[in-house]
4 protein chains.
Amino acid sequence: MCRFVVYKGTSPVELSHLLTRPCHSIINQAFDSRLRVDRRRPMNGDGFGVGWYDSVYDEESHQPCIFTSVTPAWNNANLVRLAAKIKSPLVFGHVRATTTGSLSLDNCHPFVHGRLMFMHNGGIAEFQLIKRALQADLSDVAFNKVQGNTDSEWAFAVFLSKLPDPDAKSFTTAQLRDAMFETIASLNHYAEEIGITEPSLMNFCVTDGETVIATRYVSSKVDEAASLWFSSGTTFHEYGDVGGHYKMSKADKRENIIMIASEPLTFERADWMEIKTNNMVVVTPKMNLLQIPIIDKFYVPPSDPASLTRTIEFAREKGLLVPRSIEIMDEPESE
Amino acid sequence: MCRFVVYKGTSPVELSHLLTRPCHSIINQAFDSRLRVDRRRPMNGDGFGVGWYDSVYDEESHQPCIFTSVTPAWNNANLVRLAAKIKSPLVFGHVRATTTGSLSLDNCHPFVHGRLMFMHNGGIAEFQLIKRALQADLSDVAFNKVQGNTDSEWAFAVFLSKLPDPDAKSFTTAQLRDAMFETIASLNHYAEEIGITEPSLMNFCVTDGETVIATRYVSSKVDEAASLWFSSGTTFHEYGDVGGHYKMSKADKRENIIMIASEPLTFERADWMEIKTNNMVVVTPKMNLLQIPIIDKFYVPPSDPASLTRTIEFAREKGLLVPRSIEIMDEPESE
Amino acid sequence: MCRFVVYKGTSPVELSHLLTRPCHSIINQAFDSRLRVDRRRPMNGDGFGVGWYDSVYDEESHQPCIFTSVTPAWNNANLVRLAAKIKSPLVFGHVRATTTGSLSLDNCHPFVHGRLMFMHNGGIAEFQLIKRALQADLSDVAFNKVQGNTDSEWAFAVFLSKLPDPDAKSFTTAQLRDAMFETIASLNHYAEEIGITEPSLMNFCVTDGETVIATRYVSSKVDEAASLWFSSGTTFHEYGDVGGHYKMSKADKRENIIMIASEPLTFERADWMEIKTNNMVVVTPKMNLLQIPIIDKFYVPPSDPASLTRTIEFAREKGLLVPRSIEIMDEPESE
Amino acid sequence: MCRFVVYKGTSPVELSHLLTRPCHSIINQAFDSRLRVDRRRPMNGDGFGVGWYDSVYDEESHQPCIFTSVTPAWNNANLVRLAAKIKSPLVFGHVRATTTGSLSLDNCHPFVHGRLMFMHNGGIAEFQLIKRALQADLSDVAFNKVQGNTDSEWAFAVFLSKLPDPDAKSFTTAQLRDAMFETIASLNHYAEEIGITEPSLMNFCVTDGETVIATRYVSSKVDEAASLWFSSGTTFHEYGDVGGHYKMSKADKRENIIMIASEPLTFERADWMEIKTNNMVVVTPKMNLLQIPIIDKFYVPPSDPASLTRTIEFAREKGLLVPRSIEIMDEPESE
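Not measured: the values here are computed from a predicted model.

**Concerning the overall build of chain A**
Point 1. Across its full length, chain A carries 8 helices and 15 strands.
Point 2. Pairs at least 24 apart in sequence give 69% of the contacts found in chain A among residues at least 6 apart.

**Side note on the nonpolar core**
Point 1. With 120 residues, the main nonpolar core has A:Leu19, B:Leu19 and C:Leu19 as its most contacted residues.
Point 2. Among residues more than four places away in sequence, those in contact with A:Leu19 are A:Val5, A:Ser25, A:Ile26, A:Ile27, A:Asn28, A:Phe48, A:Val50, A:Leu79 and A:Gly93.

**Looking at the sheet that holds strand 1 (residues 3-14) of chain C**
The strands making up a sheet are joined through hydrogen bonds of the backbone, oriented either antiparallel or parallel.
All names here are of chain C.
Point 1. Here we have 7 strands laid out as an open sheet, ordered 3-2-4-1-12-9-13, and antiparallel in their pairing. Taken across any chain shown, the strands that pair with only one partner, and hence form the sheet edges, are strand 3 (65-69) and strand 13 (273-274).
Point 2. Bridge count for strand 9 (residues 229-233) against strand 13 is 2 bridges, and the pairing is antiparallel. Across the sheet, the residue bridging to Phe 230 is Met 273, located in strand 13.

**Points about the confidence of the model for chain A**
All names here are of chain A.
Point 1. Looking at chain A, pLDDT values average 85 and 86% of them are 70 or higher.
Point 2. Contacts of residues 31-43 to residues separated by more than four positions or lying in other chains number 54 contacts, the stretch itself having pLDDT below 50.
Point 3. Confidence drops under pLDDT 50 across residues 324-335; counting only partners more than four residues distant or on other chains, this segment forms 25 contacts.
Point 4. In the predicted assembly, ipTM is 0.84 and pTM is 0.88.

**Focus on the environment of A:Ile66**
Point 1. As for its placement among the helices and strands, A:Ile66 is situated in strand 3 (residues 65-69).
Point 2. Excluding its chain neighbours within four sequence positions, the residues that come into contact with A:Ile66 are A:Val50, A:Gly51, A:Trp52, A:Pro110, A:Val112, A:Met117, C:Asn78 and C:Arg81.

**Description of the side chain of A:Ser16**
Residues and elements named next belong to chain A.
Point 1. On the secondary structure map, Ser 16 appears in helix 1 (residues 15-18).
Point 2. Ser 16 gets classed as buried once you look at its relative accessible area, which sits at 2%.
Point 3. Setting aside its immediate chain neighbours within four residues, Ser 16 contacts Arg 21, Pro 22, Ala 83 and Ala 84.

**Describing the side chain of C:Lys131**
Point 1. Mapped onto the fold, C:Lys131 is located in helix 4 (residues 127-137).
Point 2. It is C:Glu153 that comes nearest to the buried, bridge-free C:Lys131 among opposite-charge side chains, at 9.4 Å.
Point 3. Contacts of C:Lys131, omitting those with residues within four sequence positions, involve B:Phe143 and C:Trp154.

Rules of the game
One numbering rule holds for all chains: residues counted from 1, following each sequence as written. To read the labels, note that chains go from A and ligands from 1, taken in the order they are written. Totals for whole chains, interfaces and linings use all residues, but because this is a predicted model, local features are given only for residues with pLDDT of at least 70 and pairs of side-chain atoms are given and counted only at 80 or more. Only hydrogens and water are set aside; all other atoms, that is, all heavy atoms of the structure, feed into the side-chain values. Put simply, DSSP marks the helices as runs of H or I at least four residues long and the strands as runs of E at least two long, and each gets a number from the N terminus on. Contacts are residue-level and defined by heavy atoms, with any inter-residue pair within 4.5 Å sufficient. Residues belong to a common nonpolar core when they are buried Ala, Val, Leu, Ile, Met, Phe, Trp, Tyr or Cys residues joined through side-chain atoms within 4.5 Å. Only protein chains enter the accessibility calculation, which uses a 1.4 Å probe; a residue is then buried when its area is under 20% of its type maximum, exposed when over 50%, and partly exposed in between. One requirement defines pairing of two strands: DSSP has to find at least two bridges between them. Within a predicted model, pLDDT stands for the predictor's per-residue confidence, ranging from 0 to 100. Only four residue types enter the tally: Lys and Arg on the positive side, Asp and Glu on the negative side; His and the chain ends are excluded. Salt bridge criterion: a side-chain nitrogen from Lys or Arg within 4 Å of a carboxyl oxygen from Asp or Glu.

This is how it looks when you write it as structure tokens:
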């Protein structure tokens, strides 16, 4: 039931355009149930986090700044005020519904280590059963990093332990990509060893301030993963008089802005492309966007007819919707 | 968009049976949108309050105890723990969606003064315009009582100023009833003086620990008020294996329990009776329940065909639903 | 028991150098009792606020951004993270101990209206008694501005009502100065009318993003006001290896930085000058600093020997210390 | 820098008499620095918890109810209201200053498992270094129990793993006592294995609702442990007109009340007895109080002159004072 959004641009965006103003932002999604199926489950009201890199003053640390809250994002006066003032070229936003982990700042995404920032939408199946084996394999740095009690933060610890040096001053795109592949492989391995058959939903997103890696993944051959979309263009701007309606424009061939989100932020159908299940998206420092299949035993190539028959029930049950057709995203007025 | 619930019984109820366990309690309603129409508006995640009288130890003060919170009720560990331990024969519960007033403990219902407890579901139209006139008429006690910035708390101040002595050690049912009539009349008067035409929704509820008074009222001749229901019986208990399903049973003619709520707490159709628009319900100390029409220029007698044509759009727009037929309350499984 | 600090510089300061890092910042003062006399009263743990103007991106609104919190500043993870990232040429910081008003974000200073920012250290004596008369005189804008229930926010409303147009796009230094004079005069007038004899402590601070006005004032001829200091120089920087020790340096005659604070932020005696009781300090947009006596019936000219015998007991009782000699500010190690 | 208090009585105490009203309660100690030495360290403003057993309604579960908060206890409106209403014959109270672990409800004491309740005042030296070995030895129940990230909660997990069955419906006094001995021995063992030389301060307190076990312990032969006191009598009551002054009276030989606390709650010298370093106090279900030495390599028998020369500097540095003489506890007025 979590949601996340990523913005990477050649110029900074005011956080409000991403978070508080769009009527279909992840915060406003938190109380907009048009895309929700299981209406008896709680909303994304269990915590919020936003992380961003500063392009103006911060020429040394390159570490992201984080603002988190356990009160609902939609009524957080500090968030509204900060979002109207802060601009950044690289932003992660996350709203949370507790599945595992208690309501605590320590459990709010994004998680940070040095210049790395990480968030997760999904859930590691029966995490309690693999927690001890997972921890045993971690380096001390990764083990001691964890402050909260979520599967997501431990997944970040696994990711850190897959990097050559999690405290490095810079990372190559390949290092981050490979660490992500290995993180998923490790989590699958722990589950397999202990005989867990329920699939895990692993939509992860990580950045070092330069590269962004996002996965849409489920450890199943027959289920769909939690939804994930991207959009790219030249400008992302408000239109019309109502307020809250945004669209992505493409003025020329350059892509100045790439956004990745669990749900489309705009009502414009053409703005958003679905990332395929069990694929990774890599946004390079120079704003190239690559889709890479995550090939393991759960992979089904697009050429295989089975790739079209993954069922959405599992992700739905978990509150991580997979609206396959885009009809559902009509203007709310036309409901 | 607020919701409230009242329990009055000859024996104490464990708060959990009222608040946290029923799958259709006001807390769980907070994220159950089956009865919601305007799904683009925020949930009742903006604060919570419960007030109760202690029947065991408190033989002196007879003042209610209050627990309030600005984090959502559905994920409040303290509430879950307290509700499982505390029992009381007279309980008010309230969830809040901010319409006026900021997110602050000071703005959480129920409000307390001495042994009186008060809550409101609705909204005073264009309250800013009548605030100064209203305040000017208050006694100092009532004026200085207000800590927050909601129309509801100021309405309570008006109520206090209509009592012979708001700090009295006891109140008669007639005193409370008359003060409630006068409160509504006053609020209408201020609106009229300044020319406000938008109706106000005044579902108020007050108690002194003995009598309970609740109103279902709108200052309009053509609109429905926000919804209000009551239920009475001998026991209120959980049934079935699923958990969270409750019903009211009538073992004999005695009414040991009376509940009043903005929305039915159970899925049993026969358990709940709708209180008619512009009526007051009085529960006497001896558990008699009276319905009294609030007769003023907005009153339409049941004999008048116009009483059947009040429209629900206004209350709906405000998020205060008026499900006229009870079909909507089918079991969620049958959805 | 509140404390505040103001920074105005020709170049921006990282908020951490003002708030979180100095071992004698207002936040760390909150648990450093060397300057406290009444140790049985609560610490400044009842809320915190910081307001700043952005010099980089904000070329339109010129409205300050505010971050407030009801959890203690010294343990606020968001504050620590934001302070390490945000820079500003004009900052207000405030820590609060509740004297009037409940623990609520609405009650946290600084208060904002348009491009104006206001805070208060002190207390309006028997405020409940003058509240109604004060409110009656306010313009609707000023009256409706107030969200919380503190004497300080109502004092800001008085200030707003003394401006020609509180929503103006710019203010002259003279307008702000005169409004401040009139605010103090009005508050004295209300107290006098109703016969309040206890003095009010009115250390106010206001800015429009250009001019800064601060007062050190008490409505008494024989008592000292709450303490207020200023410091000016070319750079404000950390020294030594221990961390947390700061000093102000004067590289040349230019004053690039002016700081005003209820207590000195550094251990360097020569860095800080005491503002005299019943004086106003004006920092002009061009960084000139003027001291102006507030001449009314409570004023005692420096030539009058009585100016040396104001007693500090009253301010002390209120937890607003007036350390007359600076010996008390020795290095803590030498304690 | 934490503080705790335990009340066990033959009849219930209103929580306010223990927590909010005494001017020297652990909450009011939180801002009373008379007994503090290191005044540059933060106050106990980083969280609060109270746990109690219900003697009236709860005849089944015998599980304690817990109320915790991350805002300072001294300004918690819910705590003040609840404490004035709730009565219990067995209460644990704890205020916290973060040494390890972040500001989070998950980190607030007392910790609960089934009918067991546990709290800690002190610190496990270099806990990060022993955390992995400690976790490896835990049962799954104990391992999965931990929600936060404090040394204290992990110490509770060790305690649980020393019980024959942590989910048992009842415990003997001997089982609890032995598990406590083994917990301390285990923690010492981990430290020794890894070569940690800094002493750990292990003032633990545990109860099953019947027996109470408290330790005053330091893993050192030359340092004093954090302070711990007890008081017993027939009634604990307020006296005088000022309010907040309490004393323990002994009407006859029966001991109806036993209190254990890190600092005396009253100003009456004769009310409180110091528990000796490296001793355990056991309060049996029938209200007998036993002192048992914890004999291991850090034990110094009272006959040994070295028992008189333990130095208090270590506990002082940690903010866990050991006022050896009671002079320091004079009435504050005489300061």
